[in-house]
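A structural walkthrough
Each chain is listed here by its residues.
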Amino acid sequence: MNFEVKDRSEGQRLIEAVFESVPGLLFLYTEDGRLIRWNKRHEEMTGYTSDELLNFRAEDWFDEEDRALLAKEWPKVFSEGQNQLELNLILKDGRKVPYYFTGVRLVMDGKPHLVGIGIDISDKKRQEEALKKSEDILKRAEEIARLGSWQLDIARNELFCSDEAYRIFGVPIESPLTYGSFLELVHPEDRSFVDAAWKAALQDDPYDIEHRIIVNDKVIWIHQKASVEFNDAGEPILGTGIIYDITERKKAEEEKEKALHEIKRLKELLEAENIYLKKERAGPFESDEIIGQSDALQYVLFRAQQVAQTDSTVLITGETGTGKGKIASLIHQKSQRKHRNFVTVNCGVLPGNLIESELFGREKGAFTGAESKQLGRFDLANGGTIFLDEIAELPV
């Protein structure tokens, strides 16, 4: 934009009429930056008198940083015809007030001048600062809560996310996203489920789901909740939702599930041990005492104490009724396993079809009559000692 006034009196009348009618700052500068005309509001708003303003140059209104910016932008008014700039105007009392300045090239008496207007944008700046503060608070709250937000323009297929949502997705902030690119982040095993849930939401069904996504080769659990906005024709136009990282909660649930499973296993083991110990108490042997002074017996006891210090498998031979079980019990009592179970299995009385279940356990319903789960004798003896009596009687 470029004005040229050839008649001096015409130009003066024009300037006078315009200057006093504008509510903001109105001013006229020479090309070299001398202030030569201003409106009354200029004096009222800056606090300077007309005599003081006569000595002002354009750069006198600003601090060092804004002066550098002014020096850079000032020539553009004369080369391009106009320019706009935001600067902090320093008033007479020292206060800095943000102003939006617009300058236009005006030719008077054949010489270029700058005529412009300045508008106080303090309210706008305060609103911007308040908005930025609110955004910062929301952003910080999202980071603390690990809660992100998103909005999908369904017609344009444009997905807009908060910074925290980008972080949860593992995508650089402000990266362009679509519904399809989001779906690619979803764990392959959950993808069809998520897609079906969103399609149902487009039919006005609730959208409140938990699923996995893959972020940098790691599995992340998220909880999503959203609502869909429809136009007057009933067509979906906008989806707005939140995304919550629930990975830690899922891990805690898994740990809890593992702990409950372990408690159940230990309970079953304890019950099985109690049943076994009750049976053992009802057996023929009530004591591990061995009485005898013969050299043969003393040698057997000596060898038993020797092997008790190892975890090696021990073969005890002898005729039926000679006390092989007593020797096995003695080895257990002298070993480091003495505080764990000592389990005896009479292999000679085990039916061939039940050997596996008795030794290694069975599940409920494994065969007719198996009304409950049963731990095997090896499980009961875990960490202790198992004595397989009459092992030679086991069918091969």
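Residues numbered from 1 in each chain as written. Predicted model: local features only at pLDDT ≥ 70, side-chain atom pairs only at ≥ 80, totals over all residues. Heavy atoms only, no water.

**Observations concerning the overall build of the protein chain**
The helix and strand tally for the protein chain stands at 13 helices and 13 strands. Nonlocal contacts in the protein chain, meaning residues at least 24 apart in sequence, comprise 47% of its contacts between residues at least 6 apart. (Helix = DSSP H or I, 4+ residues; strand = E, 2+ residues; numbered from the N terminus. Contact = heavy atoms within 4.5 Å.)

**So, unusual backbone geometry**
Despite not being glycine, Asn157 has its phi angle at roughly 55°, a positive value. Along the chain, Asn157 falls in the loop between strand S7 (147-153) and strand S8 (158-161). Despite not being glycine, Asp217 has its phi angle at roughly 65°, a positive value. Along the polypeptide, Asp217 turns up in the loop between strand S9 (207-215) and strand S10 (218-230). Overall, the relative accessible area of 78% leaves Asp217 in the exposed class. (Buried < 20%, exposed > 50% of the residue type's maximum accessible area, 1.4 Å probe, protein only.)

**Some details on the side chain of Thr385**
You can see Thr385 is positioned in strand S13 (residues 385-389). A distance of 3.0 Å separates polar atoms of two side chains, one belonging to Thr385 and the other to Arg337. Once you skip the residues sitting within four places of it in the chain, Thr385 turns out to touch His332, Arg337, Asn341, Phe342 and Val343. (Polar contact = N/O pair within 3.5 Å; in protein donor to acceptor, adjacent residues only side chain to side chain.)

**Some points on the nonpolar core**
Core analysis: the largest hydrophobic core is formed by 28 residues, its most contacted members being Trp150, Cys161, Phe169, Phe182, Trp198, Tyr207 and Ile213. Contributions of two or more residues to this core are made by S7, S8, helix H6 (163-169), helix H7 (179-185), helix H8 (191-201), S9 and S10. Grouped together as the second largest cluster of nonpolar side chains are 24 residues, Phe27, Phe62, Val77 and Tyr99 included. (Core = buried A, V, L, I, M, F, W, Y, C linked by side-chain atoms within 4.5 Å.)

**Quick word on the confidence of the model for the protein chain**
Atomic detail in the predicted coordinates should be set aside for any region of low pLDDT. A residue-level look at the protein chain finds 84% of positions with pLDDT of 70 or above and a mean pLDDT of 83. Within the protein chain, the lowest mean pLDDT, 48, falls on strand S1 (residues 2-5), and the highest, 95, falls on H8. Note on residues 281-288: pLDDT under 50 across the span, and seven contacts to partners over four residues away in sequence or across chains. (pLDDT = per-residue confidence, 0-100.)

**Details of helix H4 (residues 64-80)**
With 17 residues, H4 ought to run about 24 Å at 1.5 Å a step, and its terminal C-alpha atoms sit 25 Å apart, in line with that. Looking at H4, one finds that the buried residues are Asp66, Leu70, Glu73, Trp74, Val77 and Phe78. Gly81 sits one or two residues past H4 and shows a positive phi near 100°. (Expected span 1.5 Å × (residues − 1).)

**Side note on the layout of surface pockets**
Taking a probe equal in size to a water molecule and rolling it over the atoms shows the remaining empty space. There is about 630 Å³ of room inside the second largest pocket. Val314, Leu315, Ile316, Phe387 and Leu388 are, among the 26 residues lining the second largest pocket, the residues nearest its centre. The dominant element in the lining of the second largest pocket, judged by the number of residues it contributes, is S13, at five residues. Taken together, the residues of the lining of the second largest pocket break down into 12 nonpolar, eight polar and six charged. (1 Å grid on protein atoms, 1.4 Å probe; cavity = no way out; pocket = protein on both sides within 12 Å on 5 of 7 lines; lining within 4 Å. Points joined across faces, edges and corners; volume = space filled by probe spheres on them. Nonpolar A, V, L, I, M, F, W, Y, C, P; charged D, E, K, R; others polar.)

**Here's the deal with the pattern of salt bridges**
Following the criterion strictly, the structure yields 20 salt bridges and no others. We note a salt bridge from Arg95 to Asp93, for which the minimum N-O separation is 2.8 Å. When salt bridges that share partners are traced, they join Glu210, Arg249, Lys250 and Glu253 into one network. (Salt bridge = Lys/Arg side-chain N within 4 Å of Asp/Glu carboxyl O.)

**Some words on the pairing of strand S4 (residues 82-90)**
Residue alternation in S4 divides its side chains into a buried set, Asn83, Leu85, Leu87 and Leu89, and an unburied set, Gln82, Gln84, Glu86, Asn88 and Ile90. In the sheet, S4 pairs with strand S5 (residues 96-108) via nine bridges, with the strands oriented antiparallel. Its bridge partner lying in S5, Leu85 is registered against Phe101. What sits between S4 and S5 in their antiparallel hairpin is a turn of five residues, with Gly94 showing a positive phi close to 95°. (Pairing = 2+ DSSP bridges.)

**Some thoughts on empty space enclosed by the protein**
Throughout the structure, instances matching the rule amount to two cavities of 30 Å³ or more. Of the volumes computed, that of the largest cavity is approximately 260 Å³. Lining of the largest cavity is provided by 20 residues; of these, Phe27, Leu70, Trp74, Phe101 and Leu114 occupy positions nearest its centre. With five residues, the single largest contributor to the lining of the largest cavity is S4. Among the residues forming the lining of the largest cavity, the class breakdown is 14 nonpolar, five polar and one charged.

**Details of the packing of helix H10 (residues 295-308) against helix H11 (residues 324-334)**
Interhelical geometry of H10 versus H11 gives an angle of 45° and a closest axis separation of 8 Å. Relative to H11, the element H10 is oriented oblique. Read as a crossing pair, H10 and H11 show a hand that is right-handed. Note on element contacts: H11 touches H10 through Ile327, Leu330, Ile331 and Lys334, opposite Val300, Leu301, Ala304, Gln305, Val307 and Ala308. (Axes fitted to C-alpha atoms, helices over the stretch in contact; angles between N-to-C directions. Parallel < 35°, antiparallel > 145°, perpendicular 65-115°, else oblique. Left-handed = near helix turned anticlockwise from the far one by under 90°.)

**Describing the side chain of Ser175**
Along the polypeptide, Ser175 turns up in the loop between H6 and H7. There is a polar contact of 2.6 Å between the side chain of Ser175 and the backbone oxygen of Pro172.

**What about H8?**
Taken together, the buried positions of H8 are Val194, Asp195, Ala197, Trp198 and Ala201. Taken end-on, H8 shows its buried residues confined to a sector of 160°, consistent with a single buried face. Of the surrounding secondary structure, the elements contacted by the buried residues of H8 are S7, H7, S9, S10 and strand S11 (236-245). (Arc of directions from axis to C-beta.)

**Focus on the pairing of strand S6 (residues 111-120)**
Pairing analysis gives six bridges linking strand S2 (residues 25-30) to S6, with the strands arranged antiparallel. By the bridge assignment for S6, Leu26 is matched with Ile117. Bridge analysis of S5 against S6 gives 10 bridges, and the strand direction is antiparallel. Opposite Arg105, over in S6, you have Leu114 as the bridge partner. Two successive antiparallel strands, S5 and S6, enclose a turn made up of two residues, where Asp109 displays a positive phi of approximately 55°.

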